[in-house]
Every structure is written in structure tokens, then in C-alpha cells.
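# Chain and residue survey
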Amino acid sequence: MHTSKFLAQLNHCEKGWGLWINRENLAENHVGQYAFENDRIPRNFVHAGSLDDLAHLRQTYIRQKSAANLFDDVLGQEWAEQFLSQWRLRAIT
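Residues numbered from 1 in each chain as written. Predicted model: local features only at pLDDT ≥ 70, side-chain atom pairs only at ≥ 80, totals over all residues. Heavy atoms only, no water.

### Considering the nonpolar core
Judged by nonpolar contacts, the single largest core of 21 residues is most densely connected at L7, L19, L54, F83 and W87. Secondary structure elements with two or more residues in this core: α1 (3–9), β1 (17–22), β3 (45–50), α3 (51–65) and α4 (72–92). A total of seven residues in this core trace back to one element, the largest contributor, which is α4. In contact with W87, not counting residues within four places along its chain, are I21, R23, L26, V46, H47 and A48. (Core = buried A, V, L, I, M, F, W, Y, C linked by side-chain atoms within 4.5 Å. Buried < 20%, exposed > 50% of the residue type's maximum accessible area, 1.4 Å probe, protein only. Helix = DSSP H or I, 4+ residues; strand = E, 2+ residues; numbered from the N terminus. Contact = heavy atoms within 4.5 Å.)

Right, here's the structure in full:
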């Protein structure tokens, strides 16, 4: 699943799961458990955050923008695109 679509739909997750994004292709991502994945992921994948933290950020964004009378899926996609653009800047530097 495309990274922005995955993030836009991320609602909740148990602790211990993380998201890694390919710095060369933002559409490519990997979801895995921290205990098993850290040494197995190719170097071009960079840790973007824990899924529970990312879900919380998405929900907070939607709650803050809910007065705009937009649907959650529209706000979720908007948040995902903003997150990826900010993440890309951090991953490159």
C-alpha cells in the first residue's frame, strides 16, 4: 500500500510496531515489530516513527481540523501528505 494512503487510514495500533520509509521512494514502506525488524531492514529504509505515535498524531490533526467540516478521510490524507513532506526534509539531511 502506498505510504500516504497507509498513513491516511492509520487509526490505532498496539505498541511495539514501527514504520520505515524508503528514503529514495516515499511510496515504499515497511511495517514491522521493533523486536524483529531492526537488523533486517535495508539501509535505504529510514524509521519514521512508531505506529501508535503516528496514529495519535493523525487523530490529533483530525480533531483540531474537524471544525472545517471536512471528512476524516480527507483530513487524514491531508495530514499524511504534510507528514511525508516534513519527514522527507528530515530524512535527507
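Additional details are given in the paragraphs that follow.
### Some points on the pairing of strand β2 (residues 29–33)
Examined bridge by bridge, β1 and β2 share five bridges and lie antiparallel to one another. Bridging from a neighbouring strand, W20 pairs with H30 of β2. Between β1 and β2, which pair antiparallel one after the other, the connecting turn spans six residues. (Pairing = 2+ DSSP bridges.)

### Describing the sheet that holds β2
The pairing of strands in a sheet happens through backbone hydrogen bonds and is either parallel or antiparallel. Pairing in this open sheet of three strands is antiparallel, and the strands run β2-β1-β3 from one edge to the other. The two strands at the open ends of the sheet, each matched to only one other strand, are β2 and β3. Each strand axis lies, on average, 30° off the axis of its neighbour in the sheet, ignoring direction. (Axes fitted to C-alpha atoms, helices over the stretch in contact; angles between N-to-C directions.)

### Remarks on the environment of F45
Of note, F45 is situated in strand β3. The spacing of F45 and L26 is 19 residues in sequence and 9.6 Å in space, taken between C-alpha atoms. Ignoring anything within four residues of it in the chain, the contact list for F45 reads W20, I21, N22, E28, N29 and H30.

### Some points on the confidence of the model for the chain
Considering every residue of the chain, the mean pLDDT works out to 87; 94% of them sit at 70 or more. Element-level pLDDT for the chain is lowest in helix α2 (residues 34–37), with a mean of 72, against a maximum mean of 94 in α1. (pLDDT = per-residue confidence, 0-100.)

### Some words on a nonpolar patch on the surface
Judged by side-chain polarity, L70, F71 and V74 come together as a nonpolar surface patch covering roughly 300 Å² of accessible area. Tracing the sequence through the fold places L70 in the loop between α3 and α4. (Patch = residues over 30% accessible without salt bridge, like charges linked within 9 Å, V, L, I, M, F, W, Y side chains within 5 Å. Areas by Shrake-Rupley, 256 points an atom, 1.4 Å probe, with all protein chains shown as cover. Salt bridge = Lys/Arg side-chain N within 4 Å of Asp/Glu carboxyl O.)

### Here's the deal with α3
Taking 1.5 Å of rise per residue, 15 residues should cover 21 Å, and α3 covers 21 Å from first to last C-alpha, within 8% of that figure. Among the residues of α3, L51, D52, L54, A55, R58, Y61 and I62 are the ones counted as buried. (Expected span 1.5 Å × (residues − 1).)

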